[in-house]
Amino acid sequence: MSTEARDPLQHPEVQLARGGQYLGTYIVSLLLTGAPLWLVVHHLGTPLRLMIVVVACAAALTLIQGYFWLRLDFSRTQRWMTAAFVLFIPLFVMTIGLTAWMFATLYTRTMIPTLMHAPAFAH
Amino acid sequence: MLVDYPGPWTPLLGRLDAHQIPLQNPILFWTFVLVSLGAATVLGAVTYYRSWGYLWREWLTSLDHKRIGVMYCLLGVVMLFRGFIDGVMMRTQQVMAVGPKSPGYLGAVHGYLPPYHFGQIYSAHGTIMILFAITPILVGIMNIIVPLQIGARDMAYPYLNAVSFWLTAAATGLVMISLFIGDFSHAGWVGLSPLTELAYSPGVGVDYWSWAVQIGSVGTTLASINIIATIIKMRAPGMSWTKMPIFCWTALSTSVVGLSSFPVFTAAVALLSLDRYAGTHFFTPGLGGNLMLYTDLFWIWGHPEVYYVVLPAFGILSEIIPTFSEKPLFGYITMAAASIAIGGVSWSVWLHHFFTMGAGPGVNAFFSIASMLVGIPTGVKVFNWAFTLYRGRVRFDVPMLWALAALVLLLTGGLTGMMLAMPAINYTVHNSVFVVAHFHNMLNVVGFACFGAINYWFPKVFGFKLDERTGKLAFWFFSAGTVVLFGSMYALGFMGMPRRIDYIPFTSWRPLLIGEEVGIFLFLIASYYMVKQLFVSIRDRAKNRVTTSDAWGTSRSLEWLAHSPVPFYNFAVQPHVNARDEWAWRREHGLGHVRPDHYEDIHLPNNTPLPLMLGACAFALGFGLVWRMYWLALVSLIGIVIIVIARSFQDDPGHTLPGAQIRQMEAVYPDIPREAGATGGMLGGVVARHALAAPRSRARDD
Ligand code: HEM
Ligand SMILES: [Cu+2]
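Residues numbered from 1 in each chain as written. Chains lettered and ligands numbered in written order. Predicted model: local features only at pLDDT ≥ 70, side-chain atom pairs only at ≥ 80, totals over all residues. Heavy atoms only, no water.

K.L.:
Let's hear about the domain arrangement of chain B: which residues, and what values?
P.N.:
Residues and elements named next belong to chain B. Entries for chain B in the domain assignment read domain 1 (18–541) and domain 2 (546–608 + 652–702). Counting residues at the interface gives 46 residues for domain 1 and 37 residues for domain 2. Counting the surface lost from both domain 1 and domain 2, the interface buries some 3,200 Å², and carbon and sulfur atoms represent 58% of this. The largest per-residue losses of area from domain 1 upon contact with domain 2 belong to Arg-153, Lys-243 and Lys-460, which jointly make up 24% of the total buried on that side. At the boundary of domain 1 with domain 2, the tally comes to zero salt bridges. Here domain 1 and domain 2 share 28 residue pairs in polar contact (both at pLDDT 80 or more) between them. For the side of domain 1 that touches domain 2, the secondary-structure elements that each account for two or more residues are α3 (65–96), α4 (115–149), α5 (158–177), α8 (291–325), α9 (332–345) and α14 (433–462). With seven residues, α14 is the largest single contributor of residues to the side of domain 1 that touches domain 2. (Domains from an automatic or database assignment. Contact = heavy atoms within 4.5 Å. Buried area = accessible area lost by both parts, 1.4 Å probe. Salt bridge = Lys/Arg side-chain N within 4 Å of Asp/Glu carboxyl O. Polar contact = N/O pair within 3.5 Å; in protein donor to acceptor, adjacent residues only side chain to side chain. Helix = DSSP H or I, 4+ residues; strand = E, 2+ residues; numbered from the N terminus.)

Written out as structure tokens, the structure is:
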């Protein structure tokens, strides 16, 4: 779709912009990143619990920002974005998954005390 | 402040004071004098010839992809030279500091560089060569060539393109200024953890490194986005995916790799900066930190990065080899598929950089096998190039020499890579100079391809060829240097010499160290001939001028349809693509140069100084953060935000070049006939009509 030489404001992606939703998402994002940070800084909760909270907040943020900011859906303008996002999932799984596998075998072998008691392995 | 670090701090200057300017160090002092003189000469010349206006209008504020590409390449070449000087210094230190009896100068116990200074040199060398020399040169080449090869007027986002460039330039500026104000990181180009933590590196060196690479990698990520969008969206009519030149395929693959991996690096270094500035413990030993996580994150980017640089190099070889074999590339489809496959596999091999860290055998085996899988698509490519050469009419012009030598280097580098990918071998040579020899071998493939590309496309961009004789001399000395230096280094690696050492305890290694020094001396001669080549070519440009669009007479892809030098609007009429090697197809059908019967208006973006200003702010932001002058960092951050907002409110519709004016400008080219061909009023001229009228099969044999 060639949009050159046309009014940029008419661009379909620009047309999707919603000031109110942007602001709302921004505030929610601040809360969802600020709250886990605060919990971690003040050591509120066991490492395992903190990790669950952090992961849950991150997952929620991904969904909220993906929908309200990036506007991932299947409309004609946005399906490229959605496709890019979906393509990124295998990479994400691979990097995080292989890293977890690596550390799982690494911790028991290197026996660095602090790592042995890292949250993922401290029951 | 949040964290404790030694030394004074003032609100105005942060950690900066007069002692940080290393005037007492004679090497740095004389470098400073030289650089100042050089800068004064350049600035003086620009002023004397009253070229500021020209520089500002035509280059600094330009959004033209070719101009930006040339600036990228220029930046890269300058940094290549800086990195090379670092290399000369390291080689010289090592050859001087052999054995306990070796003398010491300039405050060093052995050789002439104390360990701390030596550490900074190898860290700067690696960081510069990979991120600020090779990467800008490749991005620059992609910038110039990709739009031309797909028949586009510019990149998809010309403004973003300029922003990427100026961010890269800002990052480079930070690395360079660390020479004269403060010092640079001594923790290797990889940022060895936990050495990069504040407790072990309390100075500003690591901060210079970390902010430079963060700003630079934002620039490269944006450049990747731009290239992907350009290739997907801007292809000329008729250019289907299977008609796209291989260089564009590799540019696409490499940009996907860049886009998906650079953010990991930015994030990892940002976490490190949080450790250093906010007192977090992401990568500290103890206190919940995990220093091995840094290594993991670094290589999740680091390995894809090496493919980020090698893929465009493969693309360049795929353009040069058919041109000088005078036949089409063998195995187009497999070549394109291999480019994508190499990009794909590159994400799953990163752990081969730390087999010795101690993960379990299953993990090491997985990554070992994954690493070796890369050999399959790479092998496919090598055979395709070989079959292209086979029974070709091979010509040994300078670009071809570089390309052929790159193939040889690819063989040895790839095989030593395979060796390193076996954990059993890796345990014996990890962190030895064998690894250093391996990756210099591979990065030389990239370097050779870049030199080939510069010689190959130079006439397209500047309208005259580079001198053959000096070019060949440069090539032979460079190749000899490569063999002598890295041959010796491989041998030293087998003998167990560790990397990054400033003192060599065993005198039995001296002969090979002398070999390395001889090699670097050959490189020195080669760089003399490169400078001479440029000088001679510019001096004799009238003689070397190319009058046709096809400088080599046998080139194949679409960029050779555009005039040499390419006018700012690239193509007077957007070309209609009929064949995979469009230019070769037109040449063979006598359609090389036809005159369209009418010209349409062309829409172009306006120049803007905002990207340059963004770069300046990014530099100030980095500098402020390095020295913890928080006011400066804040002011420049606000500056960045304001510029971005201002740009989005600026109603800049660009400008339109009327068709009549293009007709006039086109009239000066001798290879365009006076008479318009009979096009039946079809835009795209005779060629489009010819293609539509004649079925492919007939078109081929008439
Ligand atoms: C595509 C071109 C390549 C480039 C540019 C490249 C570059 C590099 C670099 C920069 C390093 C090490 C960096 C460091 O430790 O500071 C390295 C190490 C390594 N490379 Fe390559 N490489 C390439 C191809 C390959 C291939 C094809 C393989 C194997 C299939 C391979 C296997 C390895 C291994 C195993 C190491 C780690 C060695 C060690 O640290 O013990 N490389 N390479
Ligand atoms: Cu690797």
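K.L.:
Break down the coordination of the iron atom of ligand 1 for me, with residues and values.
P.N.:
Ideal values differ by geometry: the angle at a metal is 109.5 degrees with four tetrahedral donors, but 90 or 180 degrees with six octahedral donors. Residues and elements named next belong to chain B. From the protein, the iron atom of ligand 1 takes a single donor atom, His-438 (NE2), 2.1 Å away. The distance between the iron atom of ligand 1 and the copper ion (ligand 2) comes to 4.4 Å. With respect to the helices and strands, His-438 occurs in helix α14. (Donors = N, O, S within 2.8 Å, 3.2 Å for Na, K, Ca; no water.)

K.L.:
Now, about the coordination of the copper ion (ligand 2): what can you tell me, with residues and values included?
P.N.:
Residues and elements named next belong to chain B. Coordination of the copper ion (ligand 2) by the protein involves His-303 (ND1), His-352 (NE2) and His-353 (NE2), with metal-donor separations of 1.8 to 2.0 Å. Positions of the donor residues of the copper ion (ligand 2), expressed as sequence spacing, correspond to H-x48-H-H. We classify His-303 as buried; its relative accessible area is 4%. The class of His-353 is partly exposed, set by a relative accessible area of 22%. (Buried < 20%, exposed > 50% of the residue type's maximum accessible area, 1.4 Å probe, protein only.)

K.L.:
Break down the interface of chain A and chain B for me, citing the residues and quoting the values.
P.N.:
On the side of chain B, 25 residues touch chain A, which itself brings 20 residues to the contact. Around 1,900 Å² of area is buried between chain A and chain B when both sides are counted, 76% of it from carbon and sulfur atoms. Of all residues in chain A, the largest losses of buried area upon contact with chain B belong to Leu-98, Trp-101 and Met-102 of chain A, amounting jointly to 24% of the total for that side. Across the chain A-chain B interface, the total number found is zero salt bridges. Joining chain A to chain B, the criterion identifies three residue pairs in polar contact (both at pLDDT 80 or more). Within the residue set of the side of chain A that touches chain B, elements represented by two or more residues are α4 (79–110) and α5 (113–116) of chain A. If you tally residues by element for the side of chain A that touches chain B, the top one is α4 of chain A, at 14 residues.

K.L.:
Could you give an account of the pattern of salt bridges, with specific residues and numbers?
P.N.:
Residue and element names in this part refer to chain B. Applying the stated criterion to the full structure yields 16 salt bridges over all chains. A salt bridge links Asp-64 to Lys-66; the nearest nitrogen and oxygen atoms lie 3.0 Å apart. With relative accessibility at 8%, the residue Lys-66 sits in the buried group. What you see here is one network of salt bridges that share partners, running through Glu-326, Arg-393, Arg-395 and Asp-397.

K.L.:
Describe α9 of chain B, and please don't skip the residues or the numbers.
P.N.:
All names here are of chain B. Along its 14 residues, α9 runs 20 Å from first to last C-alpha, staying within 8% of the 20 Å computed at 1.5 Å per residue. When α9 is considered as a whole, its buried residues turn out to be Tyr-332, Met-335, Ala-336, Ala-338, Ser-339, Ile-342, Gly-343 and Val-345. Looking at the packing, one finds that the buried side of α9 touches α7 (246–278), α8, α10 (361–373) and α11 (375–389). (Expected span 1.5 Å × (residues − 1).)

K.L.:
Before we move on, could you go through the site of ligand 1 and cite the residues and values that matter?
P.N.:
Residue and element names in this part refer to chain B. Of all residues adjacent to ligand 1, which total 21 residues, the nearest are Asn-426, His-430, His-438, Met-442 and Arg-499. Here a nitrogen atom of ligand 1 sits 2.9 Å away from a polar atom, N or O, in the side chain of His-438. Separating an oxygen atom of ligand 1 from a side-chain N or O atom of Arg-499 is a distance of 2.8 Å. Secondary-structure elements contributing two or more residues to the shell around ligand 1 are α8, α12 (398–420) and α14. Among the elements that take part in the shell around ligand 1, α14 stands out by supplying five residues, more than any other. (Near = heavy atom within 4 Å.)

K.L.:
Lay out the environment of Met-418 of chain B in plain terms, naming residues and giving numbers.
P.N.:
Residues and elements named next belong to chain B. Secondary-structure assignment places Met-418 in helix α12. Residue Met-418 is classed as partly exposed on the basis of its relative accessible area of 22%. For the pair Met-418 and Gly-219, spaced 199 residues apart in sequence, the C-alpha to C-alpha distance is 32 Å. Ignoring anything within four residues of it in the chain, the contact list for Met-418 reads Ser-371, Met-372 and Gly-375.

K.L.:
Could you give me a rundown of the nonpolar core, with the residues and numbers involved?
P.N.:
Counting 197 residues, the largest nonpolar core has Met-102 of chain A together with Ile-141, Tyr-208, Ile-316, Trp-385, Trp-457 and Trp-627 of chain B as its most contacted members. Here this core takes 19 residues from α8 of chain B, the largest share from any one element. A domain-level breakdown of this core finds at least three residues from each of domain 1 (18–541) and domain 2 (546–608 + 652–702) of chain B. When sequence neighbours within four positions are dropped, the list of residues in contact with Trp-627 of chain B reads Trp-9, Leu-13, Gly-14, Arg-15, Leu-16, Gln-20, Ile-181, Gly-182, Val-204 and Tyr-208 of chain B. With nine residues, the next largest nonpolar core counts Tyr-569, Val-573, Leu-604 and Leu-657 of chain B among its residues. (Core = buried A, V, L, I, M, F, W, Y, C linked by side-chain atoms within 4.5 Å.)

K.L.:
Residue-level account of the packing of α8 of chain B against α14 of chain B, with values.
P.N.:
Residue and element names in this part refer to chain B. Axis separation between α8 and α14 bottoms out at 9 Å; the angle between their running directions is 45 degrees. Taken together, α8 and α14 sit at an angle that is classed as oblique. Two packed elements cross with a definite hand, and for α8 against α14 that hand is left-handed. Contact residues: Val-309, Val-310, Ala-313, Ile-316, Leu-317, Glu-319, Ile-320, Thr-323 and Phe-324 in α8; Met-442, Leu-443, Val-446, Ala-449, Gly-452, Ala-453, Tyr-456 and Trp-457 in α14. A breakdown of the residues in the contact of α8 with α14 according to their chemical character gives 14 nonpolar, two polar and one charged. (Axes fitted to C-alpha atoms, helices over the stretch in contact; angles between N-to-C directions. Parallel < 35°, antiparallel > 145°, perpendicular 65-115°, else oblique. Left-handed = near helix turned anticlockwise from the far one by under 90°. Nonpolar A, V, L, I, M, F, W, Y, C, P; charged D, E, K, R; others polar.)

K.L.:
Now, about the packing of α7 of chain B against α8 of chain B: what can you tell me, with residues and values included?
P.N.:
All names here are of chain B. Running from N to C, α7 and α8 cross one another at 160 degrees; their axes reach a closest spacing of 8 Å. One way to sum up the angle between α7 and α8 is to call them roughly antiparallel. For the pair α7 and α8, the crossing hand works out as left-handed. Taken together, the residues of the contact of α7 with α8 sort by class into 21 nonpolar, seven polar and two charged.

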